[in-house]
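Listed below, chain by chain, are the residues.
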Amino acid sequence: MIAQIVLSVIAIYSAWSFIAMELNYRRASSMKIPLVRLYVDPLNIPWIVLEPSIWSLLDRLPFTFGAFGRYSRRGWHYHDKAKAHLKYGPAWALVTPRDIYVQVADPHAISDIFDRRGDFIRPSKMYKMVLAWRRAGASGVASVARDTRTLSLNVLAATGFKRSYRFQSSSDPKVDDTVSYRDALQTVLDNAIFLMLLPPQVLRLPFLPSSWTRIGKAAAAFKRYMVHMLQEETSLRDQGKAGTGSLMTSFVRALDTRHKQETATEKDETQVSKGLTVEEIFGNIFVINFAGHDTTANTLAFSMLLLAAYPEVQEWVAEELHECVGNSQSSDWDYTEKFNHLKRGQAVLLETLRLHPPILALPKWTNENPQSLRIREKTVVIPPHTGVSPSLLAIQTHPDHWQDPLVWQPSRWITVPAISASGDASSDLPTRLRQESIVTPPRGTYFPWSDGPQNCPGAKFAQVEFVAVLACILRDHRIRIIQKPNESWVQAQKRALAATEDCDLGLLLRMRNADQTFPALVESHSRILSLFLAV
């Protein structure tokens, strides 16, 4: 009886999915662009959770599964890059039982999408998972990825929240609560999708698996830390003191504004409350930690392995550093004097983000009206309430816009000094460096921090943090791959590069095996080595 019910439910669901997909396919056909059927919607929550396990089983079968095998995997954009657009053209669409998702890789069309934020809106249903936690509140580096997260977290904590932490590497024993806070935040970020399904108070039930309770305890610990910061700042406000000057100070002011507005609203019901609620403050703190810490940390992790694989790039960056900062102490480096001169360090960041962006898609949604979008010589009319996804990684790796698009080459971002009349470039290094400048790619071909009115407000913060870390490491030290016994340099280089390509996608793009197999080592044991190992 039970088996019959289960089979009946599966049959009904399959029939509904087929009919719904065909109806969407008919609706999408009006756009007259290539269409690809996908029998599972990428926003199907059970599929999001189970997809890695399902594919770990299906990949053992001697089948490729066609379009389903390619486009139903989380993070398929990274492995596909520009292949789909080279096959289907600048615009094509995935049609699922739930929705239509138009993929666009035309520079002018993408810029148009970002500029028309009233026509192509942010799909709030796709961003809810990011804030789901609010519902409850010396042989080498052991883990390059975890250490870069720690460094980035320490920088954010100091600059944004006025909290200073001793750096502690993944290679060091746990001796204080710094790591517990780091691990709590990272556990929340790693399991945000899981926390959307089961809130922390449920995950902490004693009869659940220990791996589940660990996630619940981490979420609760992180929220307790945020509550403590809020209470501390509120106490300073109540005492008439100025506060710490951190982001939390601004949030408490917004909370105070909210309370005043609510009082006024009780007297005048026509007024709308402004400011932030406590839950909104916690949500903003999580987003700042997520966007301001994990994204930069991931980019640093990719760059460390890429630099280790390309020693000549390290020397190229160090040449500029020696000229710009010399032997001065890093504590004496002034942003206004140094940052704009460290162009090669910025080039490493730009090139790493071109090939390994932490966020692979910035989805949009058409509003309640059909929207016309000019794509090359054709105008496509996109139906209402249709997903529109600028194919960021595809446009950043498309051979129409980038030479050798899949090669990590930071020098592409630097203009070379003009050749002198004698046919030789200037032999004066300071002059050459002054003549170099950062290349600005054509609009619509590069989106490291989104584009248009809603681009990333933390772009400059990320640039300065990345370049500062790179300068501290590469001025006096080099990163190298630890070779295995009987392993040649070429084999070690291929191994490191393979690690940067073996990625999966949670909320962000991450290397799958960076923590286990590909340590990097600075070839000196001074204070800067300690800084790197703390990353």
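Our subject is the structure listed above.
So, here's what we can say about the structure.

Here is what the cut-offs are and how they apply
Residues numbered from 1 in each chain as written. Predicted model: local features only at pLDDT ≥ 70, side-chain atom pairs only at ≥ 80, totals over all residues. Heavy atoms only, no water. Helix = DSSP H or I, 4+ residues; strand = E, 2+ residues; numbered from the N terminus. Buried < 20%, exposed > 50% of the residue type's maximum accessible area, 1.4 Å probe, protein only. Areas by Shrake-Rupley, 256 points an atom, 1.4 Å probe, with all protein chains shown as cover. Expected span 1.5 Å × (residues − 1). Pairing = 2+ DSSP bridges. Salt bridge = Lys/Arg side-chain N within 4 Å of Asp/Glu carboxyl O. Core = buried A, V, L, I, M, F, W, Y, C linked by side-chain atoms within 4.5 Å. Contact = heavy atoms within 4.5 Å. Axes fitted to C-alpha atoms, helices over the stretch in contact; angles between N-to-C directions. Nonpolar A, V, L, I, M, F, W, Y, C, P; charged D, E, K, R; others polar. Left-handed = near helix turned anticlockwise from the far one by under 90°. Phe/Tyr/Trp six-rings, centres within 6.5 Å; stacked < 30°, edge-to-face > 60°. Lys NZ or Arg CZ within 6 Å of the ring centre and 35° of its normal.

1. Details of the overall build of the protein
When its secondary structure is counted, the protein shows 22 helices and 12 strands. Counting every position in the protein, which comprises 535 residues, the buried fraction comes to 51%. For the protein, the exposed area adds up to about 25800 Å²; of that, 57% sits on carbon and sulfur atoms.

2. So, helix α20 (residues 459-474)
In this model, α20 (16 residues) spans 22 Å end to end at C-alpha, consistent with the 22 Å of a helix rising 1.5 Å per residue. For α20, the tally of buried residues reaches 12 of 16 residues, placing the bulk of the element in the interior. Taken together, the buried positions of α20 are occupied by Ala459, Ala462, Gln463, Glu465, Phe466, Val467, Val469, Leu470, Ala471, Cys472, Ile473 and Leu474.

3. Here we look at unusual backbone geometry
Here Lys81, not a glycine, exhibits a phi torsion of approximately 50°, which is positive. One non-glycine residue, Arg376, adopts positive backbone phi at about 55°. With respect to the helices and strands, Arg376 occurs in the loop between β6 (371-375) and β7 (378-382). Given the relative accessible area of 44%, Arg376 is considered partly exposed.

4. Here we look at the pairing of strand β8 (residues 387-390)
The two faces of β8 match: Gly387 and Ser389 on one face and Val388 and Pro390 on the other face are all buried. Summarising the sheet, strand β3 (residues 100-104) and β8 pair through four bridges and their orientation is parallel. Each residue of the ladder has a partner; that of Val102, found in β8, is Val388. Two strands pair when backbone bridges link them, and strand β5 (residues 364-366) and β8 are joined in this way by two bridges, in the antiparallel orientation. Bridge pairing links Trp365 to Gly387 in β8.

5. Describing the pattern of salt bridges
Under the criterion given, the structure shown has 20 salt bridges. Residue Glu319 pairs with Arg344 through a salt bridge whose shortest N-O separation is 2.7 Å. Separated by 25 residues along the polypeptide, Glu319 in helix α15 (residues 311-324) and Arg344 in helix α17 (residues 343-355) bring together distant segments of the chain. With a relative accessible area of 30%, Glu319 lands in the partly exposed category.

6. Looking at the environment of Arg237
Along the chain, Arg237 falls in helix α12 (residues 210-238). According to the relative accessible area criterion, Arg237 is partly exposed, its value standing at 30%.

7. A short note on the nonpolar core
Residues Leu307, Val313, Val348, Trp408 and Leu474 are the most contacted members of the largest nonpolar core, which totals 42 residues. Of all the secondary structure elements, the ones that give two or more residues to this core are α14 (278-309), α15, α17, α20, β9 (479-481) and α21 (489-501). Considering every element that reaches this core, the biggest residue donor is α20, with 10 residues. Those residues in contact with Leu307, other than ones at most four positions away along the chain, are Val313, Gln314, Val348, Trp408, Leu470, Leu474 and Ile479. In terms of nonpolar packing, the next biggest core, distinct from the first, is built from 28 residues, Ala28, Phe120, Leu373 and Phe447 among them.

8. Here we look at the packing of α15 against α17
The N-to-C vectors of α15 and α17 enclose an angle of 145°; their axes lie 8 Å apart at closest approach. Along the contact surface, α15 presents Val313, Trp316, Val317, Glu319 and Glu320, while α17 presents Lys343, Arg344, Gly345, Ala347 and Val348. Residues of the contact of α15 with α17, tallied by class, amount to five nonpolar, one polar and four charged.

9. Description of the packing of α17 against α20
Viewed as axis vectors pointing N to C, α17 and α20 meet at an angle of 115°, and their least axial separation amounts to 9 Å. For the pair α17 and α20, the crossing hand works out as right-handed. Together, Gly345, Gln346, Val348 and Leu349 of α17 and Gln463, Phe466, Val467 and Leu470 of α20 make up the contact between the two elements. Partitioning the contact of α17 with α20 into residue classes produces five nonpolar, three polar and no charged.

10. Overview of the packing of aromatic side chains
Tallied over the full model, the rule gives 14 aromatic pairs. Ring geometry for Phe63 against Phe65: centres 6.2 Å apart, planes inclined by 75°, an arrangement best described as edge-to-face. Looking at Phe63, the relative accessible area reads 55%, which means it is exposed. Here Phe65 falls in the partly exposed class, since its relative accessible area comes to 29%. Taking the centre distance of 4.9 Å and the plane angle of 80° together, the rings of Tyr71 and Trp76 count as edge-to-face. One exposure class covers both Tyr71 and Trp76, and it is buried. An aromatic cluster of three or more residues is present, and its members are Trp47, Trp55, Phe63, Phe65 and Phe68. Against the face of Trp55 rests Arg73, its NZ or CZ located 3.9 Å from the ring centre. Positioned over the ring face of Trp402 is Arg354, at 5.2 Å from the centre of the ring.

11. Concerning the environment of Pro97
If you trace the backbone, Pro97 turns up in the loop between β2 (91-95) and β3. Between the alpha carbons of Pro97 and Tyr25 there is a distance of 8.9 Å; along the sequence they are 72 residues apart. For Pro97, the contacting residues outside a window of four places in its chain are Trp16, Ser17, Ala20, Met21, Asn24, Leu38, Tyr39, Val40 and Asp41.

12. Re the sheet that holds β2
Pairing within the open sheet is mixed, and its six strands lie in the order β1-β2-β3-β8-β5-β4. The open sheet terminates on both sides in strands that have one partner only, identified here as β1 (35-37) and β4 (120-121). The sheet strands contacting helix α1 (residues 2-29) are β1, β2 and β3, and the helix crosses β1 at an angle near 175°. The sheet contacts of helix α6 (residues 107-115) involve β3, β4, β5 and β8, and relative to β8 the element is tilted by about 120°.

13. Focus on α17
With 13 residues, α17 should reach 18 Å at 1.5 Å per residue; the first-to-last C-alpha distance of 19 Å fits that figure. α17 sits mainly inside the fold: 13 of its 13 residues count as buried.

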